[in-house]
Amino acid sequence: MFIKNEKRKIKDIEGKSYIFDIIRKKYILLTPEEIVRQNFLDYLILEKNYTKNLIKLESALKYNTLKKRSDILVYDKLGEPFLLVECKAESVAISQLTIEQASRYNLQIKAPFVCITNGFKTYCFKIDFDDNSITQLNAIPEMI
């Protein structure tokens, strides 16, 4: 895959490619997973009109005694978790294990929407914590 937004700044340092991350405001090693993350960020910001200031990347969280990081966490305008996104490299198939990983992360975060993407396939779910139901959506939710 390639970076879809041609305006993205990419530079080589000692034979490795780095991309400027507009959220973290620094250059990040351009790994296969990072390509998916940056393209999905562009989609959220440029296509879905999500606000950059409400997006946090690689948020630390604890699952049992393990320290983990969520890939993308979007907050609503009240500062509450809104959308959790788990990114995988294009070469990684999205499986039940991937969905379970994102679900475990969301037990801590409690976002009402969870997406899993590998750049080719994206699955999005609405989580209702009141009745413990999960509904698969046909589209990424609009920012509220």
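Residues numbered from 1 in each chain as written. Predicted model: local features only at pLDDT ≥ 70, side-chain atom pairs only at ≥ 80, totals over all residues. Heavy atoms only, no water.

Examining helix 2 (residues 96-109)
And then number 1: Helix length check: helix 2, at 14 residues, gives a terminal C-alpha distance of 20 Å against a target of 20 Å (1.5 Å per residue), a fit within 8%.
And then number 2: Along helix 2, the residues that are buried comprise T98, Q101, A102, Y105, N106 and I109. Buried residues in helix 2, looked at end-on, bunch into an arc of 135 degrees, giving them a common side. Facing away from the buried surface of helix 2 by more than 90 degrees, the exposed residues are Q96 and L97.
And then number 3: Of the residues one or two after helix 2, K110 is the one with positive phi, at around 65 degrees. (Helix = DSSP H or I, 4+ residues; strand = E, 2+ residues; numbered from the N terminus. Expected span 1.5 Å × (residues − 1). Buried < 20%, exposed > 50% of the residue type's maximum accessible area, 1.4 Å probe, protein only. Arc of directions from axis to C-beta.)

Comments concerning the environment of L84
And then number 1: With respect to the helices and strands, L84 occurs in strand 6 (residues 81-87).
And then number 2: When the C-alpha atoms of L84 and S70 are compared, they prove to be 7.4 Å apart, with 14 residues separating the residues in sequence.
And then number 3: Setting aside residues up to four positions removed in sequence, L84 forms contacts with S70, I72, L73, A102, Y105, N106, I109, A111, F113, V114 and C115. (Contact = heavy atoms within 4.5 Å.)

Comments concerning the pattern of salt bridges
And then number 1: Summed over all chains, the structure comprises 7 salt bridges.
And then number 2: As a salt-bridge pair, R37 and E33 come within 4.0 Å of each other at their nearest N and O atoms. Residue R37 and its partner E33 are both found in helix 1 (residues 32-47); the two are separated by 4 residues, about one turn of the helix.
And then number 3: Under the relative-accessibility criterion, R37 is labelled buried at 3%.
And then number 4: Notably, a salt bridge pairs E34 with R37, separated by 2.7 Å at the nearest N-O pair. (Salt bridge = Lys/Arg side-chain N within 4 Å of Asp/Glu carboxyl O.)

Description of the packing of aromatic side chains
And then number 1: Counted according to the given criterion, the structure contains 4 aromatic pairs.
And then number 2: Consider the rings of F40 and Y43, whose centres lie 6.0 Å apart with planes at 45 degrees: the pair is tilted. You can see F40 and its partner Y43 sitting in helix 1, 3 residues apart, about one turn around the helix.
And then number 3: Classification of Y43 as partly exposed rests on a relative accessible area of 31%.
And then number 4: Measuring from centroid to centroid gives 5.1 Å for F82 and F113, while their planes differ by 55 degrees, and the two rings are tilted. Of this pair, F82 sits in strand 6 while F113 sits in strand 7 (residues 113-117), and the two are 31 residues apart along the sequence.
And then number 5: Note on F113: relative accessible area 12%, which makes it buried.
And then number 6: Aromatic ring contacts, followed pair by pair, group Y50, F82 and F113 into a single cluster. (Phe/Tyr/Trp six-rings, centres within 6.5 Å; stacked < 30°, edge-to-face > 60°.)

A few points about unusual backbone geometry
And then number 1: The backbone of K25 shows a phi angle near 55 degrees, a positive value even though the residue is not glycine.
And then number 2: Looking at the secondary structure, you find K25 in the loop between strand 2 (16-21) and strand 3 (26-29).
And then number 3: Positive phi is not limited to glycine here, since N49 has a value of about 60 degrees.
And then number 4: Checked against the element boundaries, N49 lands in the loop between helix 1 and strand 4 (55-63).

Fair warning: the whole summary comes from geometry, so function is off the table for now.
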